[in-house]
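A look at the structure
These are the residues of each chain, in order.
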Amino acid sequence: MMNPIFERKHWMEYLAYGFVGALFYCVLLVVHLKEGNYQSLYLLYIGNAAFGVAILAYNFKLIYKPYEKKRTVSMLIAAHLTTIIGTVLSIIFAAVLLAAFYPDILSSTPDTLAPENAPPQIQERPAGWLIMLVMNALVLNFSVGSFISIVSSYAGKINQTKDKPAHLNNRISDRPVTNKA
């Protein structure tokens, strides 16, 4: 018997909510890229919070599903898969958007492409801006999504004392489940 978390219809949910989270992040990224200055970098952090809102919405949906409602570990796995998919999509979208707004960002002498008031490292080599955007999307989106999925999985459960163990593989016997190897 396959775990319902890994069914095809669930993968479409992970992709849909991950896409929505990446879209929320990219809306504020577009505003930051349009302004083209270093002071608007705070918009990326607001975008990370917006990414977290999409993950939180998915966790609220999971709380009321019959299978995930019974198992906290199943909720954690589903929410983390959504977070990973959304983070990867955010990184891809960030790179594509930066290349769309500044096509010469990777050329050897794009001194005029650096954002205004940027540190000297970015002004000399604007490709560092791409690294900043990718690192922001990778580290902060994953951290925010992970934190929200952990907190909402445990805080959202109504009765945690009756939590049943989540079996990620087939049971081979009817004996009680233990953590001993």
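Residues numbered from 1 in each chain as written. Predicted model: local features only at pLDDT ≥ 70, side-chain atom pairs only at ≥ 80, totals over all residues. Heavy atoms only, no water.

1. Some points on the confidence of the model for the chain
The line we're drawing: The pLDDT value expresses, per residue, how confident the predictor is, ranging between 0 and 100. Going along the chain from the N terminus, every DSSP run of H or I of four or more residues is numbered as a helix, and every run of E of two or more is numbered as a strand.
Confidence along the chain averages 78 in pLDDT terms, with 67% of residues attaining 70 or more. Averaged over each element, pLDDT in the chain is lowest for helix 5 (residues 120–124) (58) and highest for helix 2 (residues 42–63) (91).

2. Quick word on the nonpolar core
Let me state the cut-off plainly: Among the buried residues, those of types Ala, Val, Leu, Ile, Met, Phe, Trp, Tyr and Cys that are joined through side-chain atoms within 4.5 Å form a nonpolar core. The buried label goes to any residue with under 20% of its type's maximum accessible area, the exposed label to any with over 50%, and the partly exposed label to all in between, with areas taken from a 1.4 Å probe on protein chains only.
Ranked by internal contacts, the top residues of the largest apolar core, which has 14 residues, are Leu29, Leu33, Leu98, Trp129 and Leu133. Mapped by element, the contributors of at least two residues to this core are helix 1 (8–35), helix 4 (72–101) and helix 6 (127–155). A per-element tally of this core places helix 1 first, with four residues. Core analysis: the second largest hydrophobic core is formed by 10 residues, Tyr58, Ala78, Leu81 and Leu89 among them.

3. Some words on the side chain of Ser90
Short version of the rule: Residue contacts are counted whenever heavy atoms from the two residues lie within 4.5 Å of one another.
Structurally, Ser90 is set in helix 4. Excluding anything up to four places from it in sequence, Ser90 contacts Ala22, Tyr25, Phe51, Ala137 and Asn141.

4. What to know about the pattern of salt bridges
The condition that has to hold: Salt-bridge detection follows one rule: a side-chain nitrogen of Lys or Arg within 4 Å of a carboxyl oxygen of Asp or Glu.
Considering all chains together, one arrives at one salt bridge under this definition. Between Glu13 and Lys61 there is a salt bridge, and its shortest N-O distance comes to 3.4 Å. Residue Glu13 is found in helix 1, and its partner Lys61 is found in helix 2; the two are separated by 48 residues along the sequence. Using a relative accessible area of 17% as the deciding quantity, one classes Glu13 as buried. Relative accessible area serves as the criterion here: at 34%, Lys61 is assigned to the partly exposed category.

5. Notes on the packing of aromatic side chains
Quick note on the threshold: Pairing of aromatic rings covers Phe, Tyr and Trp, the last counted by its six-membered ring, and requires centre-to-centre distances within 6.5 Å; plane angles under 30 degrees mean stacked, over 60 mean edge-to-face, and any other angle means tilted.
As enumerated under the stated definition, the model contains four aromatic pairs in all. Summarising the aromatic geometry, the rings of Trp11 and Tyr14 are spaced 5.2 Å apart at their centres and angled 80 degrees between planes, so their arrangement reads as edge-to-face. Of this pair, Trp11 and Tyr14 both sit in helix 1, three residues apart, roughly one helical turn. Among the residues examined, Trp11 registers a relative accessible area of 34% and is labelled partly exposed. With a centroid separation of 6.1 Å and 90 degrees between ring planes, the pair formed by Tyr14 and Tyr58 is classed as edge-to-face. With Tyr14 in helix 1 and Tyr58 in helix 2, this pair connects stretches of sequence that are 44 residues apart.

6. A word on the packing of helix 1 against helix 4
Short version of the rule: Here an axis means a line fitted to C-alpha atoms, over the contact stretch when the element is a helix, while the angle between two N-to-C directions is reported on a 0 to 180 degree scale. Helix crossings get a hand from a simple test, with the near helix turned counterclockwise from the far one by less than a right angle marking a left-handed crossing and a clockwise turn marking a right-handed one. Residue polarity is assigned by list, with Asp, Glu, Lys and Arg as charged and Ala, Val, Leu, Ile, Met, Phe, Trp, Tyr, Cys and Pro as nonpolar; anything else, Gly included, falls into the polar class.
Packing of helix 1 against helix 4 leaves a shortest axis separation of 7 Å and a crossing angle of 35 degrees. The hand of the helix 1/helix 4 crossing is right-handed. By residue class, the composition of the contact of helix 1 with helix 4 is 20 nonpolar, four polar and one charged.

7. So, the environment of Ala155
You can see Ala155 is positioned in helix 6. A relative accessible area of 61% places Ala155 in the exposed class. Separated by 83 residues in the primary sequence, Ala155 and Thr72 have C-alpha atoms spaced 9.9 Å apart.

8. Concerning a nonpolar patch on the surface
Here is the rule we go by: Only residues above 30% relative accessible area that lack a salt bridge enter a patch, with like-charged residues linked at up to 9 Å and the nonpolar side chains Val, Leu, Ile, Met, Phe, Trp and Tyr linked at up to 5 Å. For every accessible area listed, the method is Shrake-Rupley and the probe measures 1.4 Å; residues are considered covered only by the protein chains on display.
On the surface, Phe19, Val20, Leu23, Phe24 and Val53 cluster together to form a nonpolar patch covering roughly 400 Å² of accessible area. Take the nonpolar patch: its biggest share by element is four residues, from helix 1. Tracing the backbone shows Val20 in helix 1. In this structure Val20 comes out as partly exposed when scored by relative accessible area, which is 33%.

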